[in-house]
Protein chains: 2
Amino acid sequence: MPYYIGDVIKDYNKLVIRTPEAFGKTGINVKIKTRVDDIDPQKGLVRLSDDSSIPYDILVMATGANAARLDIPGADLAGVFVLRNLTDALRIKSYLTEKKCRKAVLIGGGFIVMEMCEALRNLGIETTVMVRGCRPVTRWDVGLTDVIIDELKKNEVSFIPETKFLAIERGTSGHLVLKTDKGDVDADVILMGVGIRRDNTLTRAAGIELGESGAIKVDFRQQTSIPGIYAVGDCCEVFHKVARRWVYLPLGDIANKQGRVAGQNIGGHPVEFPGVVGAQSFKVFSLEVGAAGLTEKEAAGYGFQPTSAMIQGLPVGRPMSSGEKLWLKLVADKTTGKLLGGQCVGAKGAIQRIYALSVALWSGLSIEEVGYLDLPYAPPFGGAWDAIHVAAQEITKAM
Amino acid sequence: MPYYIGDVIKDYNKLVIRTPEAFGKTGINVKIKTRVDDIDPQKGLVRLSDDSSIPYDILVMATGANAARLDIPGADLAGVFVLRNLTDALRIKSYLTEKKCRKAVLIGGGFIVMEMCEALRNLGIETTVMVRGCRPVTRWDVGLTDVIIDELKKNEVSFIPETKFLAIERGTSGHLVLKTDKGDVDADVILMGVGIRRDNTLTRAAGIELGESGAIKVDFRQQTSIPGIYAVGDCCEVFHKVARRWVYLPLGDIANKQGRVAGQNIGGHPVEFPGVVGAQSFKVFSLEVGAAGLTEKEAAGYGFQPTSAMIQGLPVGRPMSSGEKLWLKLVADKTTGKLLGGQCVGAKGAIQRIYALSVALWSGLSIEEVGYLDLPYAPPFGGAWDAIHVAAQEITKAM
């Protein structure tokens, strides 16, 4: 009989929390507000916080990851939030209303912060993004993050780079004060989007092997180093088809796929998870932002000889254009001639291109082939020579 | 010294006609309003209509194709148009204004007719589409053309199927009368979009071999059966990577690629044109319509064992949905498990999916792999399980 042990189970789509009783009717035992304190793979037992234990034949680790907080004084004050799950979102929403927040400071420049900018500005809240480095979403090329910074400005979001965060304090009038090396910043609410952190205590206790990335090592069937124990989602690694190695890439769609693969294998229908190509996207105000594969820096780190081209093209055929631009960067390997990565930003058509490039990366196409790909051309959706062709041919010519 | 012999040369983008003199300055000789009456491959000569002849080392056939007209009385009356090139478009535009046209009848249901519906309705012209068969754009599945017919209706375009066209006459008050087996239909303007027709006279005279399709047979470098003679564009065949045979597919982006390939080979930089996957798209009012690969019927005709799934999904993640739908059909081969084709229709995100599927077809991916493709997931652009995954997994399960 399958058990699900965890915090609470939420049906995110309907914002309804499913009760353990409802699950019980489907033959699944659900234990909420229960901690697993230890795993004994020898005996096939999980020990729970209420001192009971449950025997298992198959165990699935789906322990996920938590949003990290900066390690500074005051990081836990009321009004300082992280955004990881639905509960976080509901808490932030209530706080904004109850405290009549007028000013938000977002720490970090990842895609969750980018998405939050839009949500906060839609509520009319003064919004400032502060980062330690020079730019937001550093996975994207400088030329592309310039476009993103412009979009933030256009939507009256202040972007402040190169900041050292020192502490958060409660001001005299009840607001928060973010202490930085650039001075004090007042805020009604602070959101930290500074990455994630895994708790490997249980994994280590069970003796499950970790990969180079520090996340749980799995094989192509999601099996860990211990027979009968599987791992899926943000607690484990995934195979990167372009990098040709196991990496840590905690993204929701990957977790979904891993869950399916583990389930099929456990259910006696063996299937292998082919891996990922690092495809990713987000929307910031009216901009579509997408990427897949490796950046030049990542590629060099993995031993490739990257070369690249960046073009500013059109998302539609020239006669249909009303001025929208599309920025596309492609990366290829000089040694093998293969496409290694793509990044795209634009008000329109950027994700369309990353959909195509993701499959090209998945299939290991050469940059020369990418320059001749047959794409569904029509002027409302692209030129007879698509931005993808133009960028690929630029690299081919240079090689 | 290169020669260009043809009708007129147009810079479509700027609506400016480039003069032969302007071309002359770039070292290209241009002869306009000149017919090539004969080709003598033995002597390497083209004979012109002014009785002169030009010697050649390399000859490129780029004779294109013409829009067909129905073979019925009155098909050439003033006010009856085809739409093939810029000149046609300008003529139609002038006629609509000069004659203050209020009612248009479009014969045929191809994508040019679909696109014209939008242009005519934008001008407030009463628009009727009449076809010989049951449906428009028959390359798309019945379920998908239902959506297209709905979109026509929503935009007050009448769609009349199963019509036999008998004649066009000039009515007493100057309007056109289209005689059909369903009675007379009045119109101020009639547009025929009933396919294209090639004039092979010159090709046959030169002894250039035709392929099975009846268009010029070429190899992967665009060379015809006669050494030194190349062919590109709508006059020649192209290799279909999914069908694994040479087909006739006269589309603008393919012609562009063939021109480039011929040019590179002629210029001493040998390159092969990998072929196409039958990727195609058009926009009809607010609908994106795309397809790539083979339909079930085409696949069966080529000896595959097609199976398919059609789903009605969402173009965005469920929490972001405001009701837009996406219809997606995938076709796969039961014998090899390979993806054979995809068709997609929706107000949003349809072309994005066909971009990905085109590359999957290009790469010969299996339907099982398509079910696990890594796509750039974010709720504004799709679900964690994309419509592509859902449809592919449906086929995989059934196989």
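Parameters and conventions
- Residues numbered from 1 in each chain as written.
- Chains lettered and ligands numbered in written order.
- Predicted model: local features only at pLDDT ≥ 70, side-chain atom pairs only at ≥ 80, totals over all residues.
- Heavy atoms only, no water.
- Patch = residues over 30% accessible without salt bridge, like charges linked within 9 Å, V, L, I, M, F, W, Y side chains within 5 Å.
- Areas by Shrake-Rupley, 256 points an atom, 1.4 Å probe, with all protein chains shown as cover.
- Salt bridge = Lys/Arg side-chain N within 4 Å of Asp/Glu carboxyl O.
- Helix = DSSP H or I, 4+ residues; strand = E, 2+ residues; numbered from the N terminus.
- Phe/Tyr/Trp six-rings, centres within 6.5 Å; stacked < 30°, edge-to-face > 60°.
- Buried < 20%, exposed > 50% of the residue type's maximum accessible area, 1.4 Å probe, protein only.
- Lys NZ or Arg CZ within 6 Å of the ring centre and 35° of its normal.
- Contact = heavy atoms within 4.5 Å.
- Buried area = accessible area lost by both parts, 1.4 Å probe.
- Polar contact = N/O pair within 3.5 Å; in protein donor to acceptor, adjacent residues only side chain to side chain.
- pLDDT = per-residue confidence, 0-100.
- Core = buried A, V, L, I, M, F, W, Y, C linked by side-chain atoms within 4.5 Å.
- Least-squares fit on C-alpha atoms with pLDDT ≥ 70 in both.
- Pairing = 2+ DSSP bridges.
- Axes fitted to C-alpha atoms, helices over the stretch in contact; angles between N-to-C directions.

## Let's talk about a nonpolar patch on the surface
At step 1: Nonpolar side chains collect at one region of the surface, where Ile-58, Val-60 and Ile-266 of chain A lie side by side and expose about 210 Å² of accessible area between them.
At step 2: Tracing the backbone shows Val-60 of chain A in strand β8 (residues 59-61).

## A word on the packing of aromatic side chains
Here the distance between the centres and the angle between the planes together describe a pair of aromatic rings.
At step 1: Tallied over the full model, the rule gives 16 aromatic pairs over all chains.
At step 2: Geometrically, the ring pair formed by Phe-81 of chain A and Tyr-95 of chain A is edge-to-face, given 5.2 Å between the ring centres and 70° between the ring planes. Taken together, the residues span a long stretch of sequence, with Phe-81 of chain A in strand β10 (residues 80-82) and Tyr-95 of chain A in helix α2 (residues 86-98) at a distance of 14 residues. A single burial state applies to Phe-81 of chain A and to Tyr-95 of chain A, both of which are buried.
At step 3: Between Phe-220 of chain A and Phe-239 of chain A, the ring centres sit 5.2 Å apart and the planes meet at 65°, which makes this aromatic pair edge-to-face. Within this pair, whereas Phe-220 of chain A is found in the loop between α5 (201-206) and β19 (229-231), its partner Phe-239 of chain A is found in strand β20 (residues 238-240), the two being separated by 19 residues in sequence.
At step 4: Through successive ring pairs, a cluster of aromatic residues spans Phe-111, Trp-140 and Phe-282 of chain A.
At step 5: Across from the ring centre of Tyr-248 of chain B, 4.2 Å away, lies the NZ or CZ of Arg-198 of chain B, which sits over that ring.

## Concerning the interface of chain B and chain A
At step 1: Taken together, the contact between chain B and chain A spans 52 residues of the former and 52 residues of the latter.
At step 2: Around 4600 Å² of area is buried between chain B and chain A when both sides are counted, 65% of it from carbon and sulfur atoms.
At step 3: When the area that chain B buries against chain A is broken down by residue, the three leading residues are Tyr-355, Tyr-372 and Asp-374 of chain B, summing to 20%.
At step 4: Counting the contacts that link chain B with chain A gives 0 salt bridges.
At step 5: Linking chain B to chain A there are 25 residue pairs in polar contact (both at pLDDT 80 or more).
At step 6: Of all elements in the fold, only α6 (252-266), β22 (280-284), α8 (350-362), α9 (367-370) and α10 (387-398) of chain B reach the threshold of two or more residues within the side of chain B that touches chain A.
At step 7: It is α8 of chain B that provides the largest number of residues to the side of chain B that touches chain A, a total of 10 residues.

## Re the confidence of the model for chain A
Residues and elements named next belong to chain A.
At step 1: Residues at a pLDDT of 70 or more form 94% of chain A, whose mean pLDDT is 93.
At step 2: Every residue in residues 9-16 scores below 50 in pLDDT, and together they form 16 contacts with partners more than four places removed in sequence or on other chains.
At step 3: In the predicted complex, the global pTM is 0.95; the interface-specific ipTM is 0.94.

## Quick notes on the nonpolar core
At step 1: In terms of nonpolar packing, the biggest core is built from 98 residues, with Leu-328, Leu-330 and Val-370 of chain A together with Leu-328, Leu-330 and Val-370 of chain B touching the most fellow members.
At step 2: Those residues within four positions of Leu-330 of chain A in sequence are excluded, and the remaining contacts are Thr-307, Ser-308, Ala-309, Leu-339, Gly-341, Gly-342, Leu-357, Ile-367, Ile-388, Ala-391, Ala-392 and Ile-395 of chain A.

## Focus on the relation of the copies chain B and chain A
At step 1: It takes a turn of 180° to lay chain B on chain A, together with a shift of 0.0 Å along the axis; the resulting RMSD is 0.0 Å. Such a turn and shift between the copies fits a two-fold axis.
At step 2: With an isologous cut-off of 70% or more, the 100% of interface residues of chain B that recur at the interface of chain A puts this contact in the isologous class.

## Quick word on the sheet that holds strand β14 (residues 165-170) of chain B
Within a sheet, each strand pairs with its neighbour through backbone hydrogen bonds, oriented either parallel or antiparallel.
Residues and elements named next belong to chain B.
At step 1: Read across the open sheet, the 3 strands follow the order β14-β15-β16; overall the sheet is antiparallel. The two strands at the open ends of the sheet, each matched to only one other strand, are β14 and β16 (183-187). Neighbouring strand axes in the sheet, compared pairwise and without regard to direction, differ in orientation by 25° on average.
At step 2: Across 5 bridges, the pairing between strand β15 (residues 176-180) and β16 is antiparallel. What sits directly across from Leu-178, in β16, is Val-185.

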